[in-house]
Amino acid sequence: MSKVRTPAQAARLVADGATVAVNSSSGLLCPDEVLKALGERFLTEGAPRDLTTVHPIAAGDMFGTKGVDHIAHKGMIRRIIGGSYPSGPTNAEPPLIWQRILAEDLAAWNVPSGIIFDMLREGAAKRPGVLTKVGMDTFVDPELDGCAMNASARAMPLVRRMDFDGDTWLHFPAIRPDVAIIRASTADENGNLTFEQEGATLGAMEMALAARNSGGLVIAQVRRVAAQGTLKPHDVRVPGILVDVIVEAPDQLQTTATAYDPAISGELFRPLHTFRRAEYNPAKVMARRVAMELRDGWAVNIGFGISANVPRILLEEGLHGKVTWVIEQGAVGGVPLLDFKFGCAANAEAFVASPHQFLYFQAGGFDCSLLSFLEVGADGSVNVSRLSATPHRTAGAGGFVDITSRARKIVFSGNFNAGAKMRLEDGRLVIDKEGRIAKFVSRVDQVSFSGKRALAQGQDVTYVTERCVIRLEEEGLTVTEIAPGLDLQRDILDQAATPLRISPGLKEMDAALFRPEPLGLVL
């Protein structure tokens, strides 16, 4: 019997009250046609309702791929567990899922992406859950928020502290999905799946295993269907024995706003000169200064924001390949991409499954992580996951907590405050209008990274801004470098909402950072 179904037929197989796991990263691998059909069925029939949905990384975005918003109708979702959520500009209408969360129409948790994959793995193996130290002393910890995003979630604790073998751990329950919705490029008639036109596999195999071993259903959306026996076995990433239903969607986007780019899937290698270079501005100054922290031969994780431009700095300096970039979606090597394609890499050396990448991150197997900050607290703690005034501006923590939990070296970057008007002139930074919102504060709105725990673990932590470099030291946040031409008191100390310590060896940032010519950087 054929496994191929229309989106509407697949949607009718999802029962009320089901736990539904979705494999996606914004637009990357998002099974949008199946989610759309589920939402349309609910609007027509009022079913399925009271779902629990699981998203290790966000399904959809605010830029053309609706993803989870297809199913965010009132009454359709009862609980949602997400590593991240669709996010976008402050002045845009919040995604429907955020409206549901803020209205307390459902219970919502923000669980680190790697831990969600761990929870699915434990469900697949019929084990009792995850014991981990990832998230201790952050919003993940039940002594703070316990991952809860609203009051409805706080009333149903998801994570607890427990003692095991003489130590304290965080315990997360196993997830046993009734339905897994995944996406690939090609399915043969038996349901074997290949990903030749995709920029990742994410957790497709792990999610399918969790559903299958729980007696559940696996729905795979694909671009095309091939005859049985025509796919090369080494190319199959999810075997047909795990796939129940195939939905053909020939127009599926490769990722957000991208129909198809063969460099994303490793089918073509772009010449290095075709990659966009960073614009000459204060953001480039920060990316350059971050690059100075790197060393030849390192494996380096990068996040969104200033950090995403650091690979462009190395390209400009003739240093491409001196470090290997590793991103949570699974690409290893190549050039991580920007904007709507963030999470993908062109010219990658390898694609590994996201759960494997997160194991690498959680245990600190890599050399350095380059990440952004929204706020930095007096104790060095960082918030990237919540802005109370405009929640939908942030996607949640994603893999940030997994990545930073044991990273040996972390370089955070961001503007010193919000709203300042600045320019570069004659090798120096000129501040024309000061910002109104401090980003170095006495206490962060939410602890995504614990400075106290970092010091206890001996992690090397640096904060790079356009006007100074700050290190986390036992004595506190310490300014070690200042941009040429700035006044320490007026431009730095007076613009922080918490006291900063000044290093006895305070020096100027390299003036070459503030000029348009290449630095002559050596790693």
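Residues numbered from 1 in each chain as written. Predicted model: local features only at pLDDT ≥ 70, side-chain atom pairs only at ≥ 80, totals over all residues. Heavy atoms only, no water.

A. Broad picture of the overall build of the chain. Looking only at helices and strands, the chain has twelve helices and 34 strands in total. A compact globule built from 523 residues would reach a C-alpha radius of gyration of about 24 Å, and the chain, at 23 Å, matches this within 12%. Principal-axis analysis of the C-alpha atoms gives the chain an extent of 75 × 50 × 45 Å. Each of the 523 residues in the chain was classed as buried or not, and the buried ones make up 59%. A total of about 20000 Å² of accessible surface is found on the chain, and carbon and sulfur atoms cover 50% of it. (Helix = DSSP H or I, 4+ residues; strand = E, 2+ residues; numbered from the N terminus. Rg over C-alpha atoms; globule rule 2.2 N^0.38 Å. Buried < 20%, exposed > 50% of the residue type's maximum accessible area, 1.4 Å probe, protein only. Areas by Shrake-Rupley, 256 points an atom, 1.4 Å probe, with all protein chains shown as cover.)

B. Quick peek at empty space enclosed by the protein. Taken as a whole and judged by the stated rule, the model has one cavity of 30 Å³ or more. Approximately 90 Å³ is the volume found for the largest cavity. Around the largest cavity sit 15 residues that line it, and M136, T138, T404, S405 and R453 are the ones nearest its centre. Residue assignment for the lining of the largest cavity shows that the elements contributing at least two residues are α10 (400-404) and α11 (451-457). When residues in the lining of the largest cavity are grouped by element, the largest group, three residues, is from α11. Its residues placed into classes, the lining of the largest cavity shows five nonpolar, eight polar and two charged. (1 Å grid on protein atoms, 1.4 Å probe; cavity = no way out; pocket = protein on both sides within 12 Å on 5 of 7 lines; lining within 4 Å. Points joined across faces, edges and corners; volume = space filled by probe spheres on them. Nonpolar A, V, L, I, M, F, W, Y, C, P; charged D, E, K, R; others polar.)

C. Region of interest: the sheet that holds strand β13 (residues 224-226). Ordered in space as β13-β10-β11-β14, the four strands form an open sheet in which the pairing is mixed. With partners counted over all chains shown, the strands left at the sheet margins are β13 and β14 (236-238), one partner each. By the bridge criterion, two bridges tie strand β10 (residues 186-188) to strand β11 (residues 193-194) in an arrangement that is antiparallel. Bridge pairing in β11 links T186 to T194. (Pairing = 2+ DSSP bridges.)

D. Up close: the side chain of R41. Examined against the element boundaries, R41 turns out to sit in helix α2 (residues 32-45). Aside from chain neighbours lying at most four places away, what touches R41 is A11, R12, V14, G46, A47 and P48. (Contact = heavy atoms within 4.5 Å.)

E. Here's a closer look at the pattern of salt bridges. As enumerated under the stated definition, the model contains 33 salt bridges in all. With a shortest N-O distance of 3.3 Å, R428 and E425 are connected by a salt bridge. Residue R428 is classed as partly exposed on the basis of its relative accessible area, which comes to 33%. Residue class for E425 comes out partly exposed when judged on its relative accessible area of 29%. Each of R289, E293, K409, D460, R471 and E481 takes part in one network of salt bridges that share partners. (Salt bridge = Lys/Arg side-chain N within 4 Å of Asp/Glu carboxyl O.)

F. Fine view of helix α4 (residues 113-124). Helix length check: α4 (twelve residues) gives 17 Å between terminal C-alpha atoms against 16 Å at 1.5 Å per residue, within 8%. Within α4, eleven of the twelve residues are buried, which leaves the element mostly enclosed by the surrounding structure. Looking only at α4, the buried set comprises S113, G114, I115, I116, F117, D118, M119, L120, E122, G123 and A124. Looking at the residues trailing α4, positive phi occurs at K126, about 55 degrees. (Expected span 1.5 Å × (residues − 1).)

G. Local environment of the environment of G305. Tracing the backbone shows G305 in the loop between β16 (299-302) and α8 (310-316). Of the residues examined, G305 reaches a relative accessible area of 32% and is grouped as partly exposed. A C-alpha to C-alpha distance of 7.9 Å links G305 and G414, two positions 109 residues apart in sequence.

H. The arrangement of helix α9 (residues 354-362) in detail. Looking at α9, one finds that the buried residues are S354, P355, Q357, F358, F361 and Q362. Taken end-on, α9 shows its buried residues confined to a sector of 155 degrees, consistent with a single buried face. Buried residues in α9 make contact with α4, α6 (204-213), β16, β17 (324-326), β18 (331-332) and α10. Of the residues one or two after α9, G364 is the one with positive phi, at around 70 degrees. (Arc of directions from axis to C-beta.)

I. Inspection of the pairing of strand β22 (residues 368-372) at higher detail. Burial within β22 is extensive, with four of its five residues counted as buried. One ladder, built from three bridges, connects β16 with β22; its direction is parallel. Each residue of the ladder has a partner; that of V300, found in β22, is C368. Taken together, the four bridges between β22 and strand β25 (residues 409-413) define a ladder with parallel strand orientation. By the bridge assignment, S372 is partnered in β25 with S413.

J. Quick peek at the layout of surface pockets. Counted as a void, the second largest pocket has a volume near 420 Å³. Looking at the lining of the second largest pocket element by element, the count peaks at three residues for α11. Here the lining of the second largest pocket is composed, by residue class, of five nonpolar, five polar and eleven charged.

K. How the structure looks around the side chain of N383. By the secondary structure assignment, N383 is in strand β24 (residues 382-383). In this structure the side chain of N383 is engaged in a polar contact, spanning 2.9 Å, whose partner is the side chain of E375. With sequence-adjacent residues up to four places away left out, N383 is seen in contact with F373, L374, E375, V444, D445, Q446 and S448. (Polar contact = N/O pair within 3.5 Å; in protein donor to acceptor, adjacent residues only side chain to side chain.)

L. Main features of the packing of α4 against α9. Contact geometry of α4 with α9 gives a least axis separation of 9 Å together with a crossing angle of 120 degrees. With respect to their mutual orientation, α4 and α9 come out oblique. Where α4 crosses over α9, the handedness of that crossing is left-handed. Packed against α4, whose contacting residues are S113, G114, I115, F117, D118 and R121, the element α9 presents S354, P355, F358, L359 and Q362 at the interface. Class assignment of the residues belonging to the contact of α4 with α9 gives a composition of five nonpolar, four polar and two charged. (Axes fitted to C-alpha atoms, helices over the stretch in contact; angles between N-to-C directions. Parallel < 35°, antiparallel > 145°, perpendicular 65-115°, else oblique. Left-handed = near helix turned anticlockwise from the far one by under 90°.)

M. Examining the sheet that holds β24 more closely. Here we have three strands laid out as an open sheet, ordered β24-β23-β30, and mixed in their pairing. Each having just a single partner strand, β24 and β30 (440-441) make up the two edges of the open sheet. Where strand β23 (residues 375-377) lies against β24, two bridges are found, and the strand directions are antiparallel. In the sheet register, E375 faces β24, and the bridge partner there is N383.

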